[in-house]
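Coordinate inspection notes
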Amino acid sequence: MSFPWAENYEPKHPLTKWIDAKLPLPRLVYNAVGAGYPVPRNLNYFWNFGVLAGLALTFQIVTGIVLAMHYASTADGAFASVESIMRDVNGGWFLRYMHMNGASMFFIVVYIHIFRGLFYGSYKAPREMVWLLGVVIFLLMMATAFMGYVLPWGQMSFWGAQVITGFFSAIPIVGDPIHTWLLGGFAPDNAALNRFFSLHYLLPFVIAGVIVLHIWALHIPGSNNPTGVDVKGPQDTVPFHPYYTAKDGFGVGVFLVVFSILLFFYPNTLGHPDNYIQANPLSTPAHIVPEWYFWPFYAILRAFTVNWLWIPAKLWGVIAMFSSILLLFFLPWLDNSPVRSANYRPAYRIAFWVLVLDVLVLGWIGKSPAEEPYVRIGQFAAAYYFAHFLLIVPIIAIVEKTKPLPNSISESVLHGEAEEAAPIGVGSAH
Amino acid sequence: MRVLISWIVGLGFVSALLVAFFMPREKVEPTAAVEFHKEAKEVHFSFDGPFGKYDRQQLQRGFQVYQEVCSACHSMKLVAFRDLEEIGFSKPEVKALASQWKTEVPAINPDTGEATTRKAIPSDYFPAPYANETAARAANNNALPPDMSLLAKAREGGPHYIYSLITGYQDQPAELLKKFPDAKTPTGLHYNPYFANLNIAMPPPLVADGQVTYADGTPATVDQMSKDVSAFLMWAAEPKLENRHRWGIAVLIYLLIATGLAYGAYRNIWRDKKH
């Protein structure tokens, strides 16, 4: 197995020759993340976040598997079993806090990764498939995170599950039977908790599988870069190893420092206090709020307050919330501009930063209670969100006057100067 | 064509939202609970901050307040007597505390199989004051005293909130009654501006200096007792806080060095590569 533009792998040692002939795994590694994978030389730190997302998933899987050894997925025992992990299991507090905050770290890096793609046009041809698979991963992550949050069976777990599964009852006519069937009852209980646990354990491995496809699809055209200009020749690239393995090593270090500060000193800051109260179907919390990474979408859900075009408000909200993510699938074809990087697209660049601001506003609204002025701000921000992707971006792509692109990556980096020799021991880059 | 489709879909969403945006709103009447609610007081605890540690003496005093006052109504079902060794009680002391606890533990008579009770032992969790929720409500004017095991993590503001609540009882301000004549605290409830809806069922638990006689001789003012019991509740909710802080410092020192080295390696490898 090889990628179209990977360097040819030539095993030297008899053992590696023997293995490569039987199972070309060393070849795959060499071509995928080794010295055989040429990568644009001008990637900035925003290109670290793919690796960081993979690392975050790995942490979640490892801590999750150990937590599952101590967890009891019953409505009566779940809350107490989580507390016994926190109190009586050796290092259990560490595993649990790491898993809990690891989810937040995973979403932080993935959001940066997605916005990186939006800024530099990484979703455009020839990388549409990379983008599509990325959106699939994002949807799977959201499902996994939601079901994971239900497992401790606290108040927010229960009422969050109540609200989210309630979406399905918005479907006309068949909504209620579907809702009951999905939950295994009329409200979240043992049946729902058990299936959520089962799926929460399954989906991360599905995510891992789709990540393999995501990286595979990436390796067909190779990485995008901050100029968005195609690689023209070997002077534009450096081998992934050691150049980007070293840079990723530093990125991983910074990621771990931030993660550790959160985990060891602010483990409950991103959580909701109500989830330390055991689930009680008879007592509704004053404000039902999802985890922070869902706030923007929760704001969109709640922004629809009027029946419009014969569609009830609740159904509008559910359709809009799902559409807000599903429309990302169409983005490569909504944005028709041939220029990828926003650095050379003055109008799109402004629209991008307004979108970032808009999503932050939506997040703030999603966290806030459904009162004025929050509802009105949320309605405007949600309208802008849809306008950005469906109205503004397609028009910008047609009318925008883009800036001239550099002739090549190496030209944009070297400005006509000569390349210097590679450091001793690293070997020539090309 | 696709721009046209995207505009039609986009205008659908945007129009629904803009119609909602311009809908007139029902006027929301201000409520006493919004205007008179207070944020938790500023109070310093020894466990605040990344280097924070529990003060063992304070935790023991706080335990004494819980034992003599709070535990009359509030259960603490996730904390076991054996856990008290972590706050400085010796094994024999824990044994004595367990066996002298005011409520006994439900048990089965080994001869007859009938339900009975026995004295608590160190491996038992704190026995609850009431047999069940119904009994607890019946004894408390239909209010349920919450379990205290996780209280300090289950409220916004944590121990600061608990301290503010215990010391925050007061008469209902005249200003409030003038503005909201209907918001008079009902009989059986108590005005407390730190409580979410201002009217709490729990009567002031700590009312007089010296209500508890501290074993270590610390003057038991209401303020001191409130602070001590808040600290104890934080320990009950987060017993591994000190391990967490200790690990955190060590891990961060390690990671900062490792990240510094990783940065050096990165700069060295890229030394002659313009990018």
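Residues numbered from 1 in each chain as written. Chains lettered and ligands numbered in written order. Predicted model: local features only at pLDDT ≥ 70, side-chain atom pairs only at ≥ 80, totals over all residues.

Another point: the overall build of chain A. Secondary structure summary: chain A contains 16 helices and two strands in total. The C-alpha radius of gyration computed for chain A amounts to 24 Å, which stays within 12% of the reference 22 Å derived for 430 residues, consistent with globular compactness. Dimensions of chain A, computed from C-alpha atoms along their principal axes, come out at roughly 70 × 55 × 40 Å. Within the span of chain A, comprising 430 residues, buried residues form 45% of the whole. By sequence separation, contacts in chain A at least 24 residues apart represent 77% of the contacts at least 6 residues apart. (Helix = DSSP H or I, 4+ residues; strand = E, 2+ residues; numbered from the N terminus. Rg over C-alpha atoms; globule rule 2.2 N^0.38 Å. Buried ≥ 20, exposed ≤ 12 C-beta atoms within 10 Å, placed from the backbone. Contact = placed C-beta atoms within 7 Å.)

So, on to the overall build of chain B. Along chain B, the regular secondary structure elements total nine helices and four strands. Starting at the N terminus and ending at the C terminus, chain B contains elements arranged as α-α-α-α-β-β-α-α-α-β-β-α-α. For 275 residues, the compact-globule formula gives about 19 Å, and the C-alpha radius of gyration of chain B, at 27 Å, lies well above that figure. Taken over 275 residues, chain B has a buried fraction of 28%.

Parts of the model with low pLDDT should not have their predicted coordinates read in detail. All names here are of chain B. In the predicted model, chain B carries a mean pLDDT of 93, and the fraction of residues at 70 or more is 100%. Per-element mean pLDDT across chain B ranges from 85 in helix α2 (residues 32-36) up to 97 in helix α9 (residues 241-269). This prediction of the complex comes with two scores: 0.93 for pTM and 0.93 for ipTM. (pLDDT = per-residue confidence, 0-100.)

Turning our eyes to something else, we now look at the interface of chain A and chain B. Counting residues at the interface gives 55 residues for chain A and 49 residues for chain B. Contributing elements (two or more residues each) for the side of chain A that touches chain B: α4 (78-87), α5 (92-120), α10 (240-265), α12 (313-326), α13 (331-334), α15 (374-399) and α16 (409-414) of chain A. Considering every element that reaches the side of chain A that touches chain B, the biggest residue donor is α10(A), with 13 residues. A per-class count over the side of chain A that touches chain B returns 39 nonpolar, seven polar and nine charged. (Nonpolar A, V, L, I, M, F, W, Y, C, P; charged D, E, K, R; others polar.)

Let us now look at the domain arrangement of chain A. All names here are of chain A. Per the domain assignment, the segments making up chain A are domain 1 (1-36) and domain 2 (37-414). In this structure, domain 1 and domain 2 have C-alpha centres spaced 34 Å apart. Each side of the interface is counted separately: domain 1 has eleven residues, and domain 2 has eight residues. Residue classes in the side of domain 1 that touches domain 2 are distributed as seven nonpolar, three polar and one charged. (Domains from an automatic or database assignment.)

Residues and elements named next belong to chain A. In this model helix α3 (residues 49-70) runs 32 Å from its N-terminal to its C-terminal C-alpha over 22 residues, within 8% of the 32 Å that 1.5 Å per residue would give. Listing the buried residues of α3 in full gives F49, G50, V51, L52, A53, L55, A56, L57, Q60, G64 and L67. For α3, the secondary structure elements touched by its buried residues are α4, α5, α9 (190-219) and α10. (Expected span 1.5 Å × (residues − 1).)

All right, on to the environment of B:F13 then. Relative to the assigned elements, B:F13 resides in helix α1 (residues 2-22). Ignoring any residue separated from it by four or fewer positions in sequence, one finds B:F13 in contact with A:A320 and A:F386.

Residue and element names in this part refer to chain B. You can read the domains of chain B as domain 1 (30-69 + 150-239) and domain 2 (241-275). Relative to domain 2, the C-alpha centre of domain 1 lies at a distance of 42 Å. Across the boundary between the two partners, domain 1 contributes seven residues, which contact four residues of domain 2. In terms of residue class, the side of domain 1 that touches domain 2 is made up of four nonpolar, one polar and two charged.

Of note, the bond from A:A125 into A:P126 is cis; its omega dihedral lies within 30 degrees of zero at 5 degrees. Locating A:P126 in the fold gives a position in the loop between α5 and α6 (128-150). A positive phi is found at A:I173, a non-glycine position, where the angle reads about 65 degrees. Counting through the fold element by element, A:I173 comes out in the loop between α7 (155-166) and α8 (175-183). Accessibility expressed as a C-beta count within 10 Å gives 7 for A:I173, which makes it exposed. One non-glycine residue with positive phi stands out, namely B:N141, at about 60 degrees. Summarising the element assignment, B:N141 is placed in the loop between α5 (133-139) and α6 (158-166).

Let us look at the packing of helix α3 (residues 56-68) of chain B against helix α8 (residues 222-237) of chain B. All names here are of chain B. Running from N to C, α3 and α8 point in directions that differ by 100 degrees, and their axes come no closer than 7 Å. On the basis of the axis angle, α3 is roughly perpendicular to α8. Taking contact as the criterion, the partners of Q58, L59, R61, G62, F63, V65 and Y66 in α3 are, on α8, M225, D228, V229, A231, F232 and W235. Tallied by class, residues from the contact of α3 with α8 come to nine nonpolar, two polar and two charged. (Axes fitted to C-alpha atoms, helices over the stretch in contact; angles between N-to-C directions. Parallel < 35°, antiparallel > 145°, perpendicular 65-115°, else oblique.)

With that out of the way, let us pick up the nonpolar core. The biggest cluster of nonpolar side chains holds 98 residues, and the ones touching the most others in it are A:F106, A:V109, A:A299, A:I300, A:A382, A:F386 and B:L17. Of all the elements, α5(A) adds the most residues to this core, at 16 residues. (Core = buried A, V, L, I, M, F, W, Y, C linked by C-beta atoms within 7 Å.)

Our focus in this paragraph is the packing of helix α11 (residues 295-303) of chain A against α15(A). All names here are of chain A. Close contact between α11 and α15 brings their axes to 9 Å; oriented N to C, the two are set at 105 degrees. One finds that α11 runs roughly perpendicular with respect to α15. Within the contact between the two elements, α11 uses A299, I300, R302 and A303 and α15 uses G378, Q379, A381, A382 and Y385.

Attention shifts here to the environment of A:H287. Residue and element names in this part refer to chain A. Inspection of the secondary structure assignment puts H287 in the loop between α10 and α11. Judged by the 14 C-beta atoms lying within 10 Å of it, H287 falls in the partly exposed class. Along the backbone, H287 and A75 are 212 residues apart, and their C-alpha atoms lie at a distance of 22 Å.

Next up on the list: the pairing of strand β2 (residues 115-118) of chain B. All names here are of chain B. Of the pairings in the sheet, the one linking strand β1 (residues 105-108) to β2 comprises four bridges and is antiparallel in character. Within the sheet, the bridge partner assigned to V105 lies in β2 and is R118. The hairpin formed by β1 and β2 contains six residues between the paired strands, and G113 there has a positive phi angle of roughly 80 degrees. (Pairing = 2+ DSSP bridges.)

Taking 1.5 Å as the rise per residue, α8(B) with 16 residues should run 22 Å; its terminal C-alpha atoms sit 22 Å apart, in good agreement. Where burial is concerned, most of α8(B) is hidden: 13 out of the 16 residues are buried.

It is worth spelling out the environment of A:F49 at this point. All names here are of chain A. Residue placement: F49 occurs in helix α3. A C-alpha to C-alpha distance of 22 Å links F49 and L326, two positions 277 residues apart in sequence. Beyond its immediate chain neighbours, meaning those up to four positions away, F49 contacts V109, I112, H113 and R116.

For chain A, the average pLDDT comes to 92, and 96% of its residues sit at 70 or higher. Contacts of residues 421-430 of chain A to residues separated by more than four positions or lying in other chains number 15 contacts, the stretch itself having pLDDT below 50.

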